[in-house]
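Report on the structure
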Amino acid sequence: MAVSTMDSESARTPQPQAALTKGGHTLLPAGYLSTRLGTQRKHYVCGSIAAFTNILVTFPIQKVLFRQQLHGVLATEAVRQLQRDGLRNLYRGLLPPLLQKSTTVAIMFGLYEDFSRVLLDRAGGSGIPELFTRSFAAALAGTTEAILTPFERVQTLLQDHRHHGRFNNTGHTFRTLLTEYGVRECYRGLVPILLRNGPSNVLFFGLRGPIKELLPEVSSRAGHMAIDFVCGGLLGAALGIMFYPLNVVKARAQSQVGGPFQPCRKVLLTVWRERGGSVVLLFRGAHLNYHRSLLSWGIINATYELLLKLL
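Computed from a prediction, not measured in an experiment: that's the story for all the values here.

Procedures and definitions
Residues numbered from 1 in each chain as written. Predicted model: local features only at pLDDT ≥ 70, side-chain atom pairs only at ≥ 80, totals over all residues. Heavy atoms only, no water. Salt bridge = Lys/Arg side-chain N within 4 Å of Asp/Glu carboxyl O. Helix = DSSP H or I, 4+ residues; strand = E, 2+ residues; numbered from the N terminus. Core = buried A, V, L, I, M, F, W, Y, C linked by side-chain atoms within 4.5 Å. Buried < 20%, exposed > 50% of the residue type's maximum accessible area, 1.4 Å probe, protein only. Contact = heavy atoms within 4.5 Å. Phe/Tyr/Trp six-rings, centres within 6.5 Å; stacked < 30°, edge-to-face > 60°. Lys NZ or Arg CZ within 6 Å of the ring centre and 35° of its normal. 1 Å grid on protein atoms, 1.4 Å probe; cavity = no way out; pocket = protein on both sides within 12 Å on 5 of 7 lines; lining within 4 Å. Points joined across faces, edges and corners; volume = space filled by probe spheres on them. Polar contact = N/O pair within 3.5 Å; in protein donor to acceptor, adjacent residues only side chain to side chain. Bend = angle between axes of the 7 residues up to and from the residue. Patch = residues over 30% accessible without salt bridge, like charges linked within 9 Å, V, L, I, M, F, W, Y side chains within 5 Å. Areas by Shrake-Rupley, 256 points an atom, 1.4 Å probe, with all protein chains shown as cover. Expected span 1.5 Å × (residues − 1).

Focus: the pattern of salt bridges
The tally for this structure, following the rule as stated, stands at 15 salt bridges. Between Arg80 and Glu77 there is a salt bridge; the shortest N-O distance is 3.3 Å. Within this pair, Arg80 and its partner Glu77 are both found in helix α4 (residues 75-85), separated by three residues, close to a single helical turn. Taking the shortest distance from any N to any O, the salt bridge between Lys309 and Asp228 comes out at 3.7 Å. On the criterion of sequence distance, the pair formed by Lys309 in helix α15 (residues 286-310) and Asp228 in helix α11 (residues 221-242) is long-range, its members being 81 residues apart.

Next comes the structure, spelled out in structure tokens:
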């Protein structure tokens, strides 16, 4: 393979155009946005906008999936629950994932680039394989994302219909958790998030380049967007299935308010017993998660790469 399997996708994309044009007239001077944002900062900006776009499109699907993870019900029953809640509550809990996802994806792409640059510079001439260095950078970026666990925590409580009468909105939920239980309560479910983020980041950045090389070569901008969508979507969907049980554990742990913090293993065993020791029921909702991840990470990857070229 011409490039290392851990090469960043951005390093493999064409250089920015000399100028963005419309009708033959220059809209922006060459390198204008890159100069304004800084060479490295643009990875954070592109990741944030890509995630923002994705959340607005896929949030209703995420709510159906959450109900399946939490209650082990069929998709049709989850949809009926949302219908009973009413259109007014369909986008209830949107703000936390909007803030959390746009920030975590910015961290994911931005810190991966920053950590990779620093670590590769430090490891220069040491004989450490680039694959290992970039894997470590991806794991560090994923671990850092876990700082924003409180947003996932609040999103879980706002999406759980059992808490609709107790928590009004994002601000009220944060205040209630902090004043009644303390900061620690905001980080309930941290362990499954850590177990998910690091390894999934390593696999995402490690496989993104090789998968794209297996896809047909294209020359048009629309073609590149389609390839980036397929590449990101396939990876996101596969990783979503792989780490699905951890998301089930996270949803169950974070739906609890107050009380002792149960180990990740104990929560998993509780869910396992409640669902009759069935692997099929443990993965209930995984098919919807597969399609949601396919769409979500397709949007994120395609939007990120498009913005990276434009900047």
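That shown, we press on.
Looking at the nonpolar core
Of all hydrophobic cores here, the largest spans 37 residues; its most connected members are Phe109, Phe204 and Phe205. Ranked by residue count, the leading element in this core is helix α5 (residues 95-123), at six residues. The contact partners of Phe204, leaving out residues within four places of it in the chain, are Met108, Phe109, Leu235, Leu239, Trp297 and Asn301. Membership of the second largest hydrophobic core comes to 11 residues, among which are Val73, Leu82, Tyr244 and Val271.

Here we look at the packing of aromatic side chains
Under the criterion given, the structure shown has eight aromatic pairs. For the ring pair Phe109 and Tyr304, a centre distance of 3.9 Å and an interplane angle of 20 degrees mean the geometry is stacked. Separated by 195 residues along the polypeptide, Phe109 in helix α5 and Tyr304 in helix α15 bring together distant segments of the chain. Each member of the pair, Phe109 as well as Tyr304, carries the same accessibility label: buried. A network of ring pairs unites the aromatic residues Phe109, Tyr112, Phe204, Phe205, Trp297 and Tyr304 as a single cluster. Sitting over the face of the ring of Phe261, Arg184 holds its NZ or CZ atom 4.0 Å from the ring centroid.

A few points about empty space enclosed by the protein
Scanning the entire structure with this criterion turns up three cavities of 30 Å³ or more. As for the largest cavity, its lining consists of 40 residues, and the residues nearest its centre are Lys101, Arg196, Asn247, Arg292 and Trp297. Only α3 (41-71), α5, α7 (149-159), α10 (190-214), α11, α12 (244-254) and α15 provide two or more residues apiece to the lining of the largest cavity.

Examining the side chain of Ser200
Turning to its location among the elements, Ser200 is positioned in helix α10. A polar contact of 2.7 Å, which involves the side chain of Ser200, links it to the backbone oxygen of Arg196. In this view, Ser200 contacts Leu239 and Phe243; residues no more than four positions away in its chain are not counted.

As for α3
Largest kink in α3: about 60 degrees, centred on Thr58, with the proline Pro60 one to four residues after it. Two residues or fewer after α3 comes Gly72, characterised by a positive phi angle close to 65 degrees.

Some thoughts on a nonpolar patch on the surface
Judged by side-chain polarity, Phe229, Val230, Leu234, Ile241 and Tyr290 come together as a nonpolar surface patch covering roughly 360 Å² of accessible area. Counting residues per element, the nonpolar patch draws most heavily on α11, at four residues. On the secondary structure map, Ile241 appears in helix α11.

Here we look at α10
Helix length check: α10 (25 residues) gives 36 Å between terminal C-alpha atoms against 36 Å at 1.5 Å per residue, within 8%. The sharpest bend along α10 reaches about 35 degrees and sits at Arg208, with the proline Pro210 one to four residues further on.

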